[in-house]
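The residues making up each chain are set out below.
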Amino acid sequence: MDLWETTLEKGTLPMADHTIRQVRAYVFRGGGGDYHDQGPNHWIDDHIATPMAKYPAYRQSRQSFGLNVLGTLVVEIEADNGVVGFAVSTGGEPAAWIVENHLARFLEGAPVADTERIWDQMYLSTLFYGRKGIALNAISCVDLALWDLLGKLRQEPVYQMLGGPVRDELVFYATGARPDLAQQMGFIGGKLPLHHGPAEGEEGMKQNLALLSEMRSRTGDDFWLMYDCWMSLDLNYAIRLAHRAAEFSLKWIEEALPPDDYWGYAELKRNVPPGMLVTTGEHEATRWGFRLLLEMQCADIIQPDVGWCGGITELIKISALADARSVLVVPHGSSVYSYHFVVTRHNSPFSEFLMMAPGADKVVPMFSPLLLDEPVPVNGRIKVPDTPGFGVRLNPDCKLHRPYSHAQK
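To keep things clear, this report deals only with the structure shown in the data block.

Rules used in this analysis
Residues numbered from 1 in each chain as written. Predicted model: local features only at pLDDT ≥ 70, side-chain atom pairs only at ≥ 80, totals over all residues. Heavy atoms only, no water. Helix = DSSP H or I, 4+ residues; strand = E, 2+ residues; numbered from the N terminus. Buried < 20%, exposed > 50% of the residue type's maximum accessible area, 1.4 Å probe, protein only. Lys, Arg positive; Asp, Glu negative; His and termini not counted. Salt bridge = Lys/Arg side-chain N within 4 Å of Asp/Glu carboxyl O. Polar contact = N/O pair within 3.5 Å; in protein donor to acceptor, adjacent residues only side chain to side chain. Contact = heavy atoms within 4.5 Å. Core = buried A, V, L, I, M, F, W, Y, C linked by side-chain atoms within 4.5 Å. Pairing = 2+ DSSP bridges. Axes fitted to C-alpha atoms, helices over the stretch in contact; angles between N-to-C directions. Parallel < 35°, antiparallel > 145°, perpendicular 65-115°, else oblique. Left-handed = near helix turned anticlockwise from the far one by under 90°.

**Looking at the side chain of Asp 305**
Link 1 in the chain: With respect to the helices, strands and loops of the structure, Asp 305 is situated in the loop between β9 (301-302) and α11 (311-323).
Link 2 in the chain: Summary of buried charges: Asp 305 has no salt-bridge partner, and the nearest side chain of opposite charge, Lys 191, is 10.0 Å away.
Link 3 in the chain: Only 2.8 Å separates the side chain of Asp 305 from the backbone nitrogen of Gly 307, close enough to count as a polar contact.
Link 4 in the chain: Setting aside its immediate chain neighbours within four residues, Asp 305 contacts Glu 282, His 332 and Ser 334.

What follows is the structure, given as structure tokens:
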């Protein structure tokens, strides 16, 4: 039985005025937070268009150019009374080094509830090498673990600490290779991975459209279909794809361009067919990155990943910026870590669910096998559990490796 459960059973609720005793960072391989770290014959690594696809040697598999090299980062934060909060993200061993050797100093000995100050110190202290990428992954994972710990100490789910739910349940679209099967499972839409980029010419374009046409014929006219382009296109190709895909009622074109091409996204948004949406933001970070996307009118929907953009503490600010501009926020994947946020926000009306079964033919937990009690959609819907924190546990059968440790204060 967890310590917080024991305390509750005794009738004395733990208070949130505890301090942080220790921060620990672990690495896990084989799924989990690094969901690209899959075995062979998985749809997520089957000739998907990428920026590296212009090189034939790296076209068939994203793992061939190293997409799965990092592995999962697991951060544990232990309070002075022994209660432990945790979170998972990508980043693996490099991120674990940052957590143990740089970020831990801002947490150990600090009050658990000081989320704003801790985030500010982590971000400002890493500016000289961070701002985005792996440093933000590490900061995000620490922030999420801190919210998990705070929820356990307060005996509240994270969503309650964020203001409470604004809807009874979450509705989902599915990302995977089989939107037709996702429709049968009750999802409101299906997002396909784009398989062919500009380097594969007109023949590749025809294959992209043929797949979309086939899925439209299987799902009928009312089911959402989207294309995830994973940063792989240039502006000319993206505009041509959007116009030719309009015949099949493509709802949106996602992350068509490299994430730093704000000018290209603004031009794309101005030139897609009427009614088609432009979405991006999966690989953007912090309120300042999203401010550029929003002020330059780059997207109709922004898609921050809470495990990469700065954590819950920063996602609150990103969402407020978007809400002031009537832009929807639909976080990228990230399972319970985004569910607890989305259920509290009016400008996040639906969620993404990544179909992590190899054939995208059944619903399995996104971070399997690492998490226990991870909720999954039933008929395309989830009622977020009211378990304290994020409501999940680490699977004791999953072997975690702590590659670094630091001297505590």
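Having seen the structure, we can now continue with the description.
**Looking at the pattern of salt bridges**
Link 1 in the chain: Scanning the entire structure with this criterion turns up 23 salt bridges.
Link 2 in the chain: Across the pair Asp 373 and Arg 393 runs a salt bridge, and its minimum N-O distance is 2.6 Å. On the criterion of sequence distance, the pair formed by Asp 373 in the loop between β12 (371-372) and β13 (381-382) and Arg 393 in strand β14 (residues 393-394) is long-range, its members being 20 residues apart.
Link 3 in the chain: On the accessibility criterion, Asp 373 (46% relative accessible area) is partly exposed.
Link 4 in the chain: Because the salt bridges share partners, they merge into one network encompassing Arg 21, Arg 24, Glu 76 and Glu 78.

**Regarding the nonpolar core**
Link 1 in the chain: One finds Ile 77, Ile 253 and Tyr 337 to be the most contacted residues of the largest nonpolar core, which totals 122 residues.
Link 2 in the chain: Here this core gets twelve residues from one element, more than from any other, and that element is helix α4 (residues 134-154).
Link 3 in the chain: Aside from chain neighbours lying at most four places away, what touches Ile 253 is Tyr 227, Cys 229, Ala 238, Leu 241, Val 272, Met 276, Leu 277, Val 278 and Thr 279.
Link 4 in the chain: Within the second largest apolar cluster, seven residues are counted, among which are Met 226, Trp 252, Ile 301 and Val 330.

**What about the sheet that holds strand β2 (residues 72-79)?**
Link 1 in the chain: Pairing is antiparallel across the open sheet formed by three strands, whose spatial order is β1-β2-β3. At either margin of the open sheet sits one strand with a lone partner, and together these are β1 (20-28) and β3 (84-90). Neighbour-to-neighbour, the strand axes of the sheet open up by a mean angle of 15°, direction not taken into account.
Link 2 in the chain: Bridge count for β2 against β3 is seven bridges, and the pairing is antiparallel. Residue pairing in the sheet places Thr 72 in a bridge with Thr 90 of β3.
Link 3 in the chain: Packing of α4 onto the sheet brings it into contact with β1, β2 and β3, and relative to β3 it is tilted by some 150°.

**Thoughts on the pairing of strand β4 (residues 170-175)**
Every other side chain in a regular strand lies on the same face of the sheet, so the side chains alternate between the two faces.
Link 1 in the chain: The buried fraction of β4 is high, at six of six residues.
Link 2 in the chain: Burial along β4 is two-sided: the face carrying Leu 170, Phe 172 and Ala 174 and the face carrying Val 171, Tyr 173 and Thr 175 are both buried.
Link 3 in the chain: When β4 meets β13, the two strands line up antiparallel, connected through two bridges. Considered in β13, the bridge of Leu 170 is made with Ile 382.
Link 4 in the chain: Looking at chain direction, β4 and strand β11 (residues 351-354) are connected through four bridges and run parallel. Paired with Thr 175 across the two strands is Leu 354, which belongs to β11.
Link 5 in the chain: When β4 meets strand β5 (residues 189-193), the two strands line up parallel, connected through two bridges. Bridging across to β5, Thr 175 finds its partner in Lys 191.

**As for the packing of helix α10 (residues 286-295) against α11**
Link 1 in the chain: In the contact formed by α10 and α11, the axes pass within 9 Å of each other and the chain directions differ by 20°. Classified by the angle between their axes, α10 and α11 sit roughly parallel to one another. Considering how the two elements wind past one another, α10 and α11 form a crossing that is right-handed. Taking contact as the criterion, the partners of Thr 286, Arg 287, Trp 288, Phe 290, Arg 291 and Leu 294 in α10 are, on α11, Glu 314, Lys 317, Ile 318, Leu 321 and Ala 322.

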